[in-house]
Amino acid sequence: MSTCTYSAGGDCRGRPDSTGILGSPEGRHGLSRQLKILLPAGTHIVDLVGQRDELLRLIEDEFASDILVRGNEITITGRAGDDKDAEQAATVFEELLALLRKGHVLTSESVTRAAHMVKEDDGGPKPSEVMGDTIVVTHGRPIRPKTPGQKRYVDAARKNTLVFAIGPAGSGKTYLAVAMAVHALKEKEVDRIILTRPAVEAGERLGFLPGDIAQKVDPYLKPLYDALYEMLDPGQDARLAERGTIEVAPLAYMRGRSLNDSFIILDEAQNTTPEQMKMFLTRLGLRSKAVVTGDITQIDLPEGQRSGLIVVQEILRGIRGLEFVYLEATDIVRHRIVQDIVEAYGRYEDERR
C-alpha cells in the first residue's frame, strides 16, 4: 500500500517519512489537505469498508475527515489547517489492512477499537499487533486480545512463570488465561490444566447446601467451566477431565500438592486470604506456569480480613519470572455500559475517600 499527501489543487508533493507516508508542504490558508491511499492488489474493498460502507462511516465519525472510495483508492480530506485527524484516519486504514493480511475479519467492534488506539497514541502496541495476535484457534475461531492492556497481559504470561492479572470485571482476565492454558496443552507445553478458585460463600454454610461435595462447590467453579466449554470440542472437556488432563477444583483442594508440568489458573484471587495465597503460590512445581486473576474492588471476604491479592503486591516485588499486570476499565470487552458502570463506581469510591 502507498499513501500520498495531496494539496487541494491535486498535486502530489513531498518526501516519504519513516512510515512511508508522503508529506506535502503546508497548503495555503483555507485549503483542505488530502491523503490518498492506494490499496494493494487483491484487496477486496468490501472487506475493508464493510457492506454499504458501514465500517468506513465508523472511521469518518471518529475523525473530522471526509472519506471517499473510488476503485482501489481511498481519499481522506481533513479540515483546513489541521492534518491530525486525516493522518490518524489514514493510520487506521493502514492498521486495518495489516489485520486483513493476517486473516482478520473486520467488524464494527474491531474498527472502533483500532480507531480508539490510534487516537490515544500512547506509545503502546499498534492495533494490528494487538488484535492480530492469535492465542489459540477454537471451533475455527481465533481468540485474540482486543485491547493494548490485554496484549500486555498475554505477552507477560508468555514470558513469565507467574503472572498476576488485576483488573475490573469483563476485562478478559479469566477468559484469556484459559485460552493461554488451552494453547499450552494443545502445543504439549504442559501435561494438564488446573483451574481453581476460592469458594468464599460456602464457608461454614457448605454443609447446608444440597447435594454431595462436588454439587456444593460446582456453582462457584461454573465460570471456569464456561470458558473451557467454549474453547474445547463438544465432549472433549469431559474426556480430558476423566483422564485428569483438566482439573477444576476449589482452592482448598490444592493444599499439600506439588503441581508439575501444569498450567494453573487461580481465579477470583481477591477472595483468598494471605495464608491461602501463600499456600497456592508454593504449589507451583517443575515446568509449570501459573496465572492469578482478580478484581480488588470486589472482595467478598469477611470485614476486617485482608485480601491475599492485595497483600501479595506488597510482598512479591523484584522477583525474576514474576509480573503484575493491571487492566483498566478501557480493557473491558463486555457491553459498553459495563465500562461506564465500572468507571462510575470508581469515581464514586474516589469521592468517598
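Residues numbered from 1 in each chain as written. Predicted model: local features only at pLDDT ≥ 70, side-chain atom pairs only at ≥ 80, totals over all residues. Heavy atoms only, no water.

S.K.: Please explain the environment of Y153 as it appears in this structure.
M.R.: In this structure, Y153 sits in helix 6 (residues 148-159). Separated by 19 residues in the primary sequence, Y153 and G172 have C-alpha atoms spaced 9.6 Å apart. For Y153, the residues in contact, after removing those within four places along its chain, are V163, A165, G172, K173, L176, A177, M180, V291, T293, V325 and L327. (Helix = DSSP H or I, 4+ residues; strand = E, 2+ residues; numbered from the N terminus. Contact = heavy atoms within 4.5 Å.)

S.K.: Is there a simple way to explain the sheet that holds strand 11 (residues 246-250) in this structure?
M.R.: One key point about sheets: their strands pair by backbone hydrogen bonds, in either a parallel or an antiparallel sense. Read across the open sheet, the six strands follow the order 11-10-12-13-9-14; overall the sheet is parallel. Two strands close off the open sheet at either side, each with one partner strand: strand 11 and strand 14 (322-326). Neighbouring strand axes in the sheet, compared pairwise and without regard to direction, differ in orientation by 15 degrees on average. As defined by bridge partners, strand 9 (residues 162-166) adjoins strand 13 (residues 289-294) across five bridges and the pair is classed as parallel. The residue of strand 13 that forms the bridge with I166 is G294. Contacts from helix 6 reach strand 9, strand 13 and strand 14, with the element oriented near 170 degrees to strand 14. Those strands touched by helix 11 (residues 308-315) are strand 9, strand 13 and strand 14, and its axis lies near 125 degrees from that of strand 9. (Pairing = 2+ DSSP bridges. Axes fitted to C-alpha atoms, helices over the stretch in contact; angles between N-to-C directions.)

S.K.: Would you mind showing me how to read the pattern of salt bridges here?
M.R.: Within this structure, the stated rule accounts for 16 salt bridges. Between K146 and E109 there is a salt bridge, and its shortest N-O distance comes to 3.6 Å. Note that K146 is positioned in the loop between strand 8 (141-143) and helix 6 and E109 in helix 4 (residues 108-120), a separation of 37 residues in sequence. The class of K146 is partly exposed, set by a relative accessible area of 33%. Since its relative accessible area comes to 35%, E109 is described here as partly exposed. Ionic pairing is found between R141 and E230, a salt bridge with its closest N-O pair at 2.8 Å. Separated by 89 residues along the polypeptide, R141 in strand 8 and E230 in helix 8 (residues 213-231) bring together distant segments of the chain. Under the relative-accessibility criterion, R141 is labelled partly exposed at 38%. A relative accessible area of 34% means that E230 is categorised as partly exposed. Each member of the salt-bridge network shares a partner with another, and the members are D133, K151, D155 and R158. (Salt bridge = Lys/Arg side-chain N within 4 Å of Asp/Glu carboxyl O. Buried < 20%, exposed > 50% of the residue type's maximum accessible area, 1.4 Å probe, protein only.)

S.K.: Just checking my understanding: could you explain the environment of G132 for this structure?
M.R.: Mapped onto the elements, G132 comes out in the loop between helix 5 (127-131) and strand 7 (136-138). G132 gets classed as buried once you look at its relative accessible area, which sits at 18%. Separated by ten residues in the primary sequence, G132 and P142 place their C-alpha atoms 9.6 Å from one another.

S.K.: Could you clarify how one ought to interpret the packing of helix 6 against helix 7 (residues 173-186) in this entry?
M.R.: The axes of two packed helices give the description: the angle between them and the distance between them. Put simply, helix 6 and helix 7 touch, their axes get as near as 11 Å, and they point 40 degrees apart. Between helix 6 and helix 7 the crossing geometry is right-handed. Residues Q150, Y153, V154 and A157 of helix 6 pack against K173, L176, A177 and M180 of helix 7. Of the residues contributing to the contact of helix 6 with helix 7, the split by class is six nonpolar, one polar and one charged. (Left-handed = near helix turned anticlockwise from the far one by under 90°. Nonpolar A, V, L, I, M, F, W, Y, C, P; charged D, E, K, R; others polar.)

S.K.: Sorry if this is basic, but what is going on with the confidence of the model for the chain here?
M.R.: Predicted coordinates in regions of low pLDDT should not be interpreted in detail. Averaged over every residue, the pLDDT of the chain is 84; the share at 70 or more is 84%. Mean pLDDT values over the elements of the chain span from 38, in strand 2 (residues 15-16), up to 98, in strand 9. Considering only residues more than four positions removed or in separate chains, one finds that residues 5-31, a stretch of pLDDT under 50, has 48 contacts. A low-confidence stretch, residues 202-206 stays under pLDDT 50, and its non-local contacts, those more than four residues away or across chains, total four contacts. (pLDDT = per-residue confidence, 0-100.)

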